[in-house]
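Structure assessment
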Amino acid sequence: MKEIITIVGRTNVGKSLLFNKLTCAKKSLVINDDGITRDINTGYLNSNNKYYYIEDTGGIPSKDNEFSDEILSKAIESIEQSNLILFVVSASEGLTNHDIDISKMLRKKNIDVVLLINKSDLLSKSYNAAQFYELGFKKTLSISAKTNIGLPKLINEISKIITGEEEIDTSIKKRISVVGKPNAGKSTFINALLRQDRMITSDIAGTTLDSIELPFEYKKTKYLFYDTAGLMKKSKTSSLVQKFSINATLETIKNTDICIFIINGEEGISKQDKMIMSIIIRYNKPFIIVLNKIDKISKEQIKNLKNEINYLINIAHNAPFVLVSALQRKNINKVLILISSISRQINKHYKSSKLTDILNNALIDHPPPMKNNKKVRLKFAQQSKAQSLTIIIHGNKTDQLAGSYEKYLMNYFIKELKLTGVPLRIKFSKQKNPYDLGS
């Protein structure tokens, strides 16, 4: 059974920065503000060829807010299955009553605890750490996650308590981002997909602030799902937290393999939704349109929304769409089947002979228009080595082709290759056929 290290503490003591430093990643959002981490982020510490699994929990709030109960519940769930707790306090703020309350809770759990006095670089070397020893934990270290002070000692202490794993699955997994505007039901969708209440859900827009990575397996294929912060209108991105959250979401889309684009069926298709779809298309990402919350709208509303979505599909590489109710888990499996299908398509390599045959058939069905009484000749096609699906068409006078003909060829290839939701780019080249030795 996997050993678990859980990072615990009140808000804004530096847990997420410590998590990022230990896992050598930037998975958790780090901002000098309370309550940024709400859901649990996971990763591995790699030390001396051993891997240690770490969970970064949300800061346990000292007073009630709209997410207090959910954050505390997720933290306790992680603590109770943990083998080691890293309890983080802040040297710059000193010992607080809230730290004392958390320590009392942890002592009841009968789990190894290492007390970490973080931000010790902000004080003189002679600062009084005795106040923190009053918490009663035998293993106590002064550290600075920001400047790496004490981190080697911490890693050494972890290796004494936790065995670690000699091997973990480092195979490349498909990255799936769940994106949409706030309150579209992204976190509920993720929970339905995983069949567990992993993500905090709420009717309050902006519940998810960070991009949370979640491993998942379907039909023997491993995926990494990312629940992202909702993309909101620019006029509403006034706070620093929101700006950082949106930047994290955009970065996740940029580095993803497939996007699940969630639309709130209750609110219909808005300008925001169209803006989000344009971002996905700009990054040239395969995607699936998911119309969520169909349990809350009428059949007539669904019919009207279908017509709107069909219009979007015409400008979005034939992206498939599914009607779902994440709350009721309705049609979630259809989304998984599409993810599996698109995953296979984006890795497929097509022989030049097949692509050239398709090109020739397209030319027969609709030859390119003449330019200055001269024919534009398109001779052969081949797949680019680029990560996204790109077909290079070689010929003469290709720079004189109209954009409408390029779109015709793109749609022709999409149809003949039976591509669903996978964007395809057409590029033209005047280079000679490298396989043509005669002329």
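Residues numbered from 1 in each chain as written. Predicted model: local features only at pLDDT ≥ 70, side-chain atom pairs only at ≥ 80, totals over all residues. Heavy atoms only, no water.

Turning next to helix 8 (residues 271-282). What sets the pattern is the α-helix's 3.6 residues per turn: residues three or four places apart point alike. In a regular helix each residue adds 1.5 Å, so twelve residues correspond to 16 Å; helix 8 covers 16 Å between its end C-alpha atoms and thus fits that length. Looking only at helix 8, the buried set comprises Gln272, Asp273, Ile276, Met277, Ile279 and Ile280. Viewed along the axis of helix 8, the buried residues span an arc of 155°, placing them on a single side of the element. Those residues of helix 8 that are exposed and angled more than 90 degrees off the buried face are Lys271 and Arg282. Just beyond helix 8, the residue with positive phi is Asn284, at close to 60°. (Helix = DSSP H or I, 4+ residues; strand = E, 2+ residues; numbered from the N terminus. Expected span 1.5 Å × (residues − 1). Buried < 20%, exposed > 50% of the residue type's maximum accessible area, 1.4 Å probe, protein only. Arc of directions from axis to C-beta.)

Another point: the pattern of salt bridges. Counting across every chain of the model gives six salt bridges. One salt bridge in this structure joins Arg10 and Asp99, with 2.9 Å as the shortest N-O distance. Residue Arg10 is found in the loop between strand 1 (4-8) and helix 1 (15-23), and its partner Asp99 is found in helix 3 (residues 97-107); the two are separated by 89 residues along the sequence. With a relative accessible area of 0%, Asp99 lands in the buried category. Among the ionic pairs, Glu80 bridges to Lys109, the shortest N-O distance being 3.0 Å. Residue Glu80 is located in helix 2 (residues 68-80), and its partner Lys109 is located in the loop between helix 3 and strand 5 (112-118); the two are separated by 29 residues in the primary sequence. With a relative accessible area of 27%, Lys109 lands in the partly exposed category. A single salt-bridge network, built from bridges that share partners, covers Arg10, Glu93 and Asp99. (Salt bridge = Lys/Arg side-chain N within 4 Å of Asp/Glu carboxyl O.)

This next bit is on the sheet that holds strand 2 (residues 41-47). The strand order 2-3-1-4-5-6 describes an open sheet built from six strands, whose pairing is mixed. Each of the sheet's edge strands pairs with one partner strand only, and the pair in question is strand 2 and strand 6 (139-142). Across the sheet, the mean angle from the axis of one strand to that of its neighbour is 25°, orientation sign disregarded. Note that strand 2 and strand 3 (residues 50-56) share seven bridges and pair antiparallel. Directly across from Thr42, in strand 3, lies its bridge partner Glu55. Of the strands in this sheet, strand 1, strand 2, strand 3, strand 4 (84-90) and strand 5 are in contact with helix 1, which crosses strand 2 at around 45°. (Pairing = 2+ DSSP bridges. Axes fitted to C-alpha atoms, helices over the stretch in contact; angles between N-to-C directions. Contact = heavy atoms within 4.5 Å.)

The subject of this paragraph is the packing of helix 1 against helix 5 (residues 151-161). Where helix 1 meets helix 5, the closest approach of the two axes is 12 Å, and the angle between their N-to-C directions is 75°. The orientation of helix 1 relative to helix 5 falls into the category roughly perpendicular. In this structure, helix 1 uses Leu18, Lys21 and Leu22 to contact helix 5, whose residues at the interface are Leu151, Leu154 and Ile155. Classifying every residue of the contact of helix 1 with helix 5 gives five nonpolar, no polar and one charged. (Parallel < 35°, antiparallel > 145°, perpendicular 65-115°, else oblique. Nonpolar A, V, L, I, M, F, W, Y, C, P; charged D, E, K, R; others polar.)

Take unusual backbone geometry next. The backbone of Asn48 sits at a positive phi, close to 50°, despite the residue not being glycine. You can see Asn48 is positioned in the loop between strand 2 and strand 3. Phi at Asn284 is positive, roughly 60°, even though this residue is not glycine. Mapped onto the elements, Asn284 comes out in the loop between helix 8 and strand 11 (287-292).

Our next topic: the confidence of the model for the protein chain. On average, the protein chain scores 80 in pLDDT, and the residues at 70 or more come to 81%. With pLDDT under 50 throughout, residues 28-38 is counted as low confidence; its partners more than four residues away or in other chains account for 43 contacts. Counting interchain partners and residues more than four positions distant, the pLDDT-below-50 stretch residues 199-209 has 44 contacts. (pLDDT = per-residue confidence, 0-100.)

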